[in-house]
Amino acid sequence: MSQRIINHPVLGKLDESQTITFTFNDVEYSALQNESIAAALLANGIRTLRHHEESGSPRGIYCNIGHCFECRVTVDGVQGERACLTPLTQGMKVVSGGKLQTDVRDWRANHGK
Amino acid sequence: MENKTIIIGAGPAGLTAAITIASRGHSVVVIDEYMKPGGRLLGQLYEEPNGNWWNGIVESDKLHQQAKKLGVDIKLHTPVSNIEVQDGIWSVHTDVEIHETTHLLLATGAAENPLPIKGWTLPGVMSVGAAQVMTNVHRVKPGERGVIIGVNVLSSAIAMELKMADIDIACITLPVSNTVNEKFGQPLEVMNSLLHVSHMAPSAFIKMGSKLMKNDFFKQLGITFFPKNGVKMWDIPIMLRKAVTEIIGDGQVEGVKISTINPAGEVIPGTEEIIGADFVCIAGGLYPLAELAAVAGCPFYHIEELGGYVPLHNERMESTLPGLYVAGNITGIEGAKVAMCQGQTAGLSIANNLENGILEKELVSSIQHTEHTRENAYIQFHPEIAHGKDKLKLYWDEYNAAVTK
């Protein structure tokens, strides 16, 4: 499913000539050269970029200008990169983050503390 | 050390300052964490009263090309994490290196106020500015059908931009009033804040109404009788008597729960309905993005008319700290044209200090030009912006009187 705005009454036609491929959670997608990871994923219909470290709730982009850090993903092995600020390059490996262990909290819940 | 002026922020203020300084023959570095130059100007797209389109991408490109031609070194995709000063030398810390300078300009712009509502962390909920950038800059639809929460200048302008890209907007409406959202959820407050932008509304209803509503009695009457289904602007219903109480969806946005509210913003029980949507925009307005000025130790003042806390500065865009300057939305929320004027003033200020005060005349004229641009601005984010600037002058005089005592 493509969500791209190809024709625009004022901004004109979108240049789609330079494409690349990248992976998100090991699945290959195509993108436009130099667009942000966030834009490319949204264009591919993907809105959930990570799951919250503690609650596990799904998260996507919020501010799209690098301020809220909601879109943080792992890029080529580097954690905590903001998908909205990172331009894609050919072959980039993007991985979303997931829920982490909450041992103390779980222990407390299981022991009625 | 080669003394290059450093500018943080490649938006309209930062780029104009860079052009101004570089045209005087000085070296300049501009640092920005975004991947494209232009800042918030990039997403802007609206028709001016003379029929010309203000296209942020074209305007950003003009500034970028001009700066490049003058040899300005623009470092994109480079976040600044800290600034500090020692013996008159400012250090600017980035991921890759530390830059040093005697003249540092902060042109970091603005960010959006969040309006927390139940369900707002669901994928598909984003700030209205995020939807604008996705649509106009990246040319990706934020979704097929959206609800915009928060009625203000920014949200109505962006609603029209989304519409132009063939994205359906179900309605623009209020957030439910809570301790955080407060006035954003009160119809009378919102109506008040909208009156000064009524000239932008194509609807005869709003234009006519706004003249009547200069009087408080009529304002109250206007809210009480405001049609429950709203008035339409660019074919989008604007609902001042409805509020979103929750954003719903399983794993991502599927719609919103919306209820009728009384003029005080309280939900009328039994009026709840569900509006289907695959994305939701939250529009809480802009505030000056000033963390680096805070880290540096600038004194701050909260000035409602300027959009929040601003670092203390004078008309020459000098902060209270030697060698540190500010320009653009960090000094108060205004349009890009004002930001460019401020960038020019800051640039002249820096060049004037580098050239032993030979640019006084140009500087004074640039300050006047800024005021003129402010008075004639098509989009004003706060009706009393000039009053806010007067307050700031007063604080500046008070502060300087106190420290020189």
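Each value, and the rule that gives it
Residues numbered from 1 in each chain as written. Chains lettered and ligands numbered in written order. Predicted model: local features only at pLDDT ≥ 70, side-chain atom pairs only at ≥ 80, totals over all residues. Heavy atoms only, no water. Pairing = 2+ DSSP bridges. Helix = DSSP H or I, 4+ residues; strand = E, 2+ residues; numbered from the N terminus. Axes fitted to C-alpha atoms, helices over the stretch in contact; angles between N-to-C directions. Contact = heavy atoms within 4.5 Å. Domains from an automatic or database assignment. Buried area = accessible area lost by both parts, 1.4 Å probe. Polar contact = N/O pair within 3.5 Å; in protein donor to acceptor, adjacent residues only side chain to side chain. Nonpolar A, V, L, I, M, F, W, Y, C, P; charged D, E, K, R; others polar. Salt bridge = Lys/Arg side-chain N within 4 Å of Asp/Glu carboxyl O. Buried < 20%, exposed > 50% of the residue type's maximum accessible area, 1.4 Å probe, protein only. Expected span 1.5 Å × (residues − 1). Arc of directions from axis to C-beta. Phe/Tyr/Trp six-rings, centres within 6.5 Å; stacked < 30°, edge-to-face > 60°.

### So, the sheet that holds strand β22 (residues 324-326) of chain B
Residues and elements named next belong to chain B.
And then number 1: As summarised here, the arrangement of the five strands in space is β5-β2-β1-β9-β22, forming an open sheet in which the pairing is parallel. Every other strand in the sheet has two partners, leaving β5 (73-75) and β22 as the edge strands with one partner each. The mean inter-strand angle of the sheet, taken between neighbouring strand axes irrespective of direction, is 20 degrees.
And then number 2: The pairing of strand β2 (residues 28-31) with β5 spans three bridges and is parallel. Bridging across to β5, I31 finds its partner in K75.
And then number 3: Taken strand by strand, helix α1 (residues 12-23) contacts β1 (5-8), β2, β5 and β9 (104-106), and its axis lies near 165 degrees from that of β1.

### A closer look at the domain arrangement of chain B
All names here are of chain B.
And then number 1: Domain parsing of chain B yields domain 1 (5-111 + 286-404) and domain 2 (116-282).
And then number 2: The interface is formed by 18 residues belonging to domain 1 together with 16 residues belonging to domain 2.
And then number 3: When domain 1 packs against domain 2, close to 1400 Å² is buried across both sides, 65% of that on carbon and sulfur atoms.
And then number 4: When the buried surface of domain 1 facing domain 2 is broken down by residue, G43, L45 and Y378 rank first, second and third, together holding 31% of it.
And then number 5: Linking domain 1 to domain 2 there are four residue pairs in polar contact (both at pLDDT 80 or more).
And then number 6: Its residues placed into classes, the side of domain 1 that touches domain 2 shows 11 nonpolar, four polar and three charged.

### Structural notes on the pattern of salt bridges
And then number 1: The tally for this structure, following the rule as stated, stands at 22 salt bridges over all chains.
And then number 2: The closest approach of N and O atoms between E144(B) and K141(B), which form a salt bridge, is 3.9 Å.
And then number 3: By relative accessible area, E144(B) is classed as partly exposed at 42%.
And then number 4: On the basis of relative accessible area, K141(B) is assigned to the buried category, the value being 14%.
And then number 5: In the salt-bridge network here, residues are joined through shared partners; they are R50(A), E53(A), R59(A), E70(A) and R72(A).

### What to know about helix α2 (residues 56-69) of chain B
Residue and element names in this part refer to chain B.
And then number 1: In this model, α2 (14 residues) spans 20 Å end to end at C-alpha, consistent with the 20 Å of a helix rising 1.5 Å per residue.
And then number 2: Of all the positions in α2, only G56, E59, S60, L63, H64 and A67 are classed as buried. Down the axis of α2, the buried set is contained in an arc of 135 degrees. They therefore lie on one face.
And then number 3: The N-cap of α2, judged by a side-chain oxygen 3.0 Å from the amide nitrogen of I57 a few residues on, is N55.
And then number 4: In the segment just after α2, G71 is the residue with positive phi, at about 85 degrees.

### Section: the interface of chain B and chain A
And then number 1: Taken residue by residue, the interface counts 44 residues in chain B and 36 residues in chain A.
And then number 2: Of the roughly 3200 Å² buried between chain B and chain A, counting both surfaces, carbon and sulfur atoms make up 60%.
And then number 3: Taken together, the connections running from chain B to chain A amount to one salt bridge.
And then number 4: The tally of links between chain B and chain A comes to 12 residue pairs in polar contact (both at pLDDT 80 or more).
And then number 5: When residues of the side of chain B that touches chain A are traced back to their parent elements, those giving at least two are β4 (53-55), β10 (110-112), β11 (125-127), α3 (128-137) and β18 (279-282) of chain B.

### A word on the packing of aromatic side chains
And then number 1: For the coordinates displayed, the defined rule picks out three aromatic pairs over all chains.
And then number 2: Ring centres 5.6 Å apart and planes at 75 degrees place the aromatic pair Y62(A) and W120(B) in the edge-to-face group. Taken together, the residues span two chains, with Y62(A) in the loop between β6 (58-59) and β7 (72-75) and W120(B) in the loop between β10 and β11.
And then number 3: Owing to a relative accessible area of 12%, Y62(A) belongs among the buried residues under this scheme.
And then number 4: What makes W120(B) partly exposed here is its relative accessible area of 27%.
And then number 5: On the basis of an interplanar angle of 15 degrees and a centroid distance of 4.3 Å, the ring pair of Y301(B) and Y395(B) is categorised as stacked. Here Y301(B), found in strand β20 (residues 300-303), pairs with Y395(B), found in helix α11 (residues 385-404); they are 94 residues apart in sequence, far enough to count as distant.
And then number 6: Note on Y395(B): relative accessible area 23%, which makes it partly exposed.

### What to know about the pairing of β20(B)
Residue and element names in this part refer to chain B.
And then number 1: Strand direction decides the pairing type here: β20 and strand β21 (residues 308-311), joined by four bridges, are antiparallel. Of the residues in β21, the one forming a bridge with I303 is G308.
And then number 2: The hairpin turn running from β20 into β21, its antiparallel successor, is four residues long, and G307 in that turn takes a positive phi close to 100 degrees.

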